[in-house]
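# Residue-level structural notes
Listed below are the residues making up each chain.
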Amino acid sequence: MPGTVIVGAQWGDEGKGKVIDLLAEHADVVVRFQGGNNAGHTIIHAGETWKFHLIPSGILYPGRTCVIGNGVVVDPAVLTAEIDDLRARGVDVSGLKLSANAHLIMPYHLLLDMEGEQKLGKNLIGTTKRGIGPAYADKAARLGIRVQDMLDERILKKKIAAALEPKRQQLRPFAREIDLQTMTEEYLTYGHRLEQHIADTSALAWRALDDDKHVLFEGAQGALLDIDHGTYPFVTSSNPVAGAAAVGSGVGPRDIAEVWGVTKAYATRVGAGPFPSELHDDTGEEIRQQGHEFGTTTGRARRTGWLDVVALRYAARLNSLSALAVTKLDVLSGFETLKVCTSYRSSKDADFHTDVFPYHQSVLHTAVGEYTELPGWSEDITDVRSYEDLPENAKKYLAFLEDAVGVPVVLIGVGPGREQIIWADAAKDSALATQAMAATA
């Protein structure tokens, strides 16, 4: 059975956790394929709120295999704490598998991350300071420590020593916090605790696909934060695009049949970087408060803006999106007029105008949104469960989005609860969605 990839189509925080939760119940394997604990998914399930940082959202369903793939960077302190919390809440974590090839976040990565942001001053990128970037940098420099290394004391100590050598000058202010023997013993302990979960997850995912099982690939962050294709340098350190699902899990691209992009009905961004449709007024604050736009992992207030279909078209192209899931449509209830960013102008060049996402950062950093206005709706839609029952202007808003991006909407979120969804007609073209739709009917 070909796999389904779920990716963020904006700057992250789109509500991927809820979408993955809906589909995971009907999948056999859920694979997280990139990022680290700088990302978080919030799910409201059975009346309880769950926040996941590393563990795939499918862990709430008994019998599901949940994989942390080789493309993820793992802080074992965070992972073990998350496992302990789930166990304390009665969740069976025996189906959790951790790639032996995933790279580890080490204590010195966190120190380097904090130091790096401080040195940037006003030009800071806005990282979560969780060591993600330095861990990926060590991976590329072939100085990384992998999960499998925690199972061999000799190799682990040797690799940590090799990784520390070129960083001695940088780490000198933190000499008291960096001790080779202490670090080795700490990570050997993590290895012992996690050993039951460590596996060849590439082979596991391949066997599931070969056995005609549903495999769901879970992305973190969003396409516009991709290190190659996002708003560089204000990006994450991995590739949150659909193409990375194959690389970060160890399967071939022909095993992927569907790619869903998740987008809010408006736009948000955390940290620094260009945001052409950003709102700096009372409307932006109203959206922030109505949408509870504060980070799952960091608690930081998110920047808010009108929906940007220029950026969404770009995300659709990068990911070969076959479907869109639109979340938080209910947040827009009560606005008399809605705006959608359909093109960009430049704040510095009166002759500049484009409806294509700019490739050049100097252009993008001066881009300001130009808008199409659409009529809003006043009705509360949080109890609506069918597309036909949506207000006419809400349906027109969704139709405008589909037409502007060129991708059908399969799912609409109208509240934070798991049951607060609407399946659109396009969902019938997806095997996995058909099962989920039948279960929620």
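Just so it is clear, the structure is predicted and the values come from calculations on it, not from any experiment. (Residues numbered from 1 in each chain as written. Predicted model: local features only at pLDDT ≥ 70, side-chain atom pairs only at ≥ 80, totals over all residues. Heavy atoms only, no water.)

## With respect to the sheet that holds strand S1 (residues 3-8)
The following threshold applies: Paired strands, in this sense, are two strands between which DSSP finds at least two bridges. Secondary structure is summarised from DSSP: a helix means a run of H or I of at least four residues, a strand means a run of E of at least two, and numbering begins at the N terminus for each.
Taken in spatial order, the 10 strands line up as S9-S7-S5-S2-S10-S1-S11-S15-S19-S20 in an open sheet, and their pairing is mixed. With one partner strand each, in any of the chains shown, strand S9 (198-199) and strand S20 (421-423) form the two edges of the open sheet. Across 3 bridges, S1 lies against strand S10 (residues 215-218) in parallel orientation. Bridged to Val5 within S10 is Phe217.

## Describing the packing of helix H5 (residues 153-164) against helix H7 (residues 180-194)
Condition: Working convention: axes come from line fits to C-alpha atoms, limited for helices to the stretch in contact. Angles between N-to-C directions cover 0 to 180 degrees. Roughly parallel means an angle under 35 degrees; roughly antiparallel, over 145; roughly perpendicular, 65 to 115; everything else is oblique. Handedness of each helix crossing follows the sense of rotation of the near helix against the far helix: counterclockwise by less than a right angle gives left-handed, clockwise gives right-handed. It only takes one pair of heavy atoms within 4.5 Å for two residues to be counted as in contact. Charged residues are taken to be Asp, Glu, Lys and Arg, nonpolar residues to be Ala, Val, Leu, Ile, Met, Phe, Trp, Tyr, Cys and Pro, and polar residues to be all remaining types, Gly included.
The N-to-C vectors of H5 and H7 enclose an angle of 135 degrees; their axes lie 10 Å apart at closest approach. Classified by the angle between their axes, H5 and H7 sit oblique to one another. With respect to the hand of their crossing, H5 and H7 are arranged in right-handed fashion. Seen from H5, the contacting residues are Glu153, Leu156, Lys157, Ile160 and Ala161; seen from H7, they are Leu180, Gln181, Met183, Thr184, Tyr187 and Leu188. Here the contact of H5 with H7 is built from residues that sort into 7 nonpolar, 2 polar and 2 charged.

## Observations regarding the side chain of Thr304
Inclusion rule: Remark: exposure states derive from per-residue accessible area (1.4 Å probe, protein chains only) relative to the maximum for the residue type, with buried under 20%, exposed over 50%, and partly exposed in between.
One can find Thr304 in strand S13 (residues 303-305). Residue classification places Thr304 among the buried residues on the basis of a relative accessible area of 0%.

## Remarks on unusual backbone geometry
Leaving glycine aside, a negative phi is the common case for residues, and trans is the common case for peptide bonds. The omega torsion across Tyr232 and Pro233 is 5 degrees, close enough to zero to call that bond cis. Checked against the element boundaries, Pro233 lands in the loop between S10 and helix H9 (243-247). The phi dihedral of Gln221 is positive, around 55 degrees, even though this residue is not glycine. Its place among the elements puts Gln221 in the loop between S10 and H9. If you check the backbone angles, Ser320 has positive phi at about 50 degrees while not being a glycine. The residue Ser320 is located in the loop between helix H11 (309-319) and strand S15 (323-327) in this model.

## Observations concerning the pattern of salt bridges
What counts here: Any carboxyl oxygen of Asp or Glu that lies within 4 Å of a side-chain nitrogen of Lys or Arg is treated as forming a salt bridge with it.
One pass over the structure, following the stated rule, counts 15 salt bridges. In this structure, the salt-bridge partner of Lys167 is Asp138, at a minimum N-O distance of 3.0 Å. Placement of Lys167 in the loop between H5 and helix H6 (168-171) and of Asp138 in helix H4 (residues 132-140) is noted, with a sequence separation of 29 residues between them. Of the residues examined, Lys167 reaches a relative accessible area of 7% and is grouped as buried. According to the relative accessible area criterion, Asp138 is buried, its value standing at 6%. Ionic pairing is found between Lys159 and Asp149, a salt bridge with its closest N-O pair at 3.3 Å.

## Considerations on the packing of H11 against helix H13 (residues 392-405)
Taken N-terminus to C-terminus, the directions of H11 and H13 make an angle of 55 degrees; their axes are 9 Å apart at the nearest point. Taken as axis vectors, H11 and H13 run oblique relative to one another. Between H11 and H13 lies a crossing of right-handed hand. Judged by residue contacts, Val309, Leu312, Arg313 and Ala316 of H11 engage Leu401, Ala404 and Val405 from H13. The class makeup of the residues in the contact of H11 with H13 is 6 nonpolar, no polar and 1 charged.

## Side note on the packing of aromatic side chains
Here is the rule: Aromatic pairs are defined between Phe, Tyr and Trp rings, using the six-membered ring for Trp, whenever the two ring centres lie within 6.5 Å; interplanar angles under 30 degrees are classed as stacked, those over 60 as edge-to-face, and all others as tilted.
By the definition in use, this model includes 6 aromatic pairs. Between the aromatic rings of Tyr314 and Phe357, the centroid separation amounts to 4.6 Å while the plane-to-plane angle is 15 degrees, which identifies the pairing as stacked. You can see Tyr314 sitting in helix H11 and its partner Phe357 sitting in the loop between strand S17 (353-354) and helix H12 (361-364), a full 43 residues away along the chain. Residue classification places Tyr314 among the buried positions, given a relative accessible area of 12%. Classification of Phe357 as buried rests on a relative accessible area of 9%. Ring centres of Tyr344 and Phe357 lie 6.3 Å apart, and the angle between their planes is 65 degrees; on these two criteria the pair is classed as edge-to-face.

## Things to note about the environment of Trp11
Here Trp11 is to be found in the loop between S1 and helix H1 (16-24). Setting aside its immediate chain neighbours within four residues, Trp11 contacts Gly222, Leu224, Leu225, Thr231, Thr268, Arg269, Pro274, Phe275 and Pro276.

## Looking at the nonpolar core
This is how it is decided: Remark: nonpolar core denotes a set of buried residues (Ala, Val, Leu, Ile, Met, Phe, Trp, Tyr, Cys) joined through side-chain atoms within 4.5 Å.
Within the largest apolar cluster, 64 residues are counted, with the highest numbers of intra-cluster contacts made by Ile59, Leu79 and Tyr108. Contact partners of Ile59, with chain neighbours within four places excluded, come to Phe52, Cys66, Leu86, Val91, Asp92, Val93 and Leu96. Within the second largest apolar cluster, 56 residues are counted, among which are Ala223, Leu279, Leu321 and Val407.

## Notes on the environment of Val5
With respect to the helices and strands, the residue Val5 is situated in strand S1. Val5 sits 106 residues away from Leu111 along the chain, and the two C-alpha atoms are 33 Å apart. What Val5 contacts, discounting residues up to four positions off in sequence, is Phe33, Phe217, Ala242, Ala245, Ile256, Glu258, Val259 and Trp260.

## Some points on the pairing of strand S2 (residues 29-32)
Side chains Val29 and Val31 project from S2 onto one buried face, and the interleaved Val30 and Arg32 project onto a second face that is buried too. When S2 meets strand S5 (residues 65-68), the two strands line up parallel, connected through 4 bridges. If you follow Arg32 over to S5, its bridge partner there is Ile68. The pairing of S2 with S10 spans 4 bridges and is parallel. Looking across to S10, one finds that Arg32 is bridged to Glu218.

By themselves, these observations are geometric and do not establish any function.
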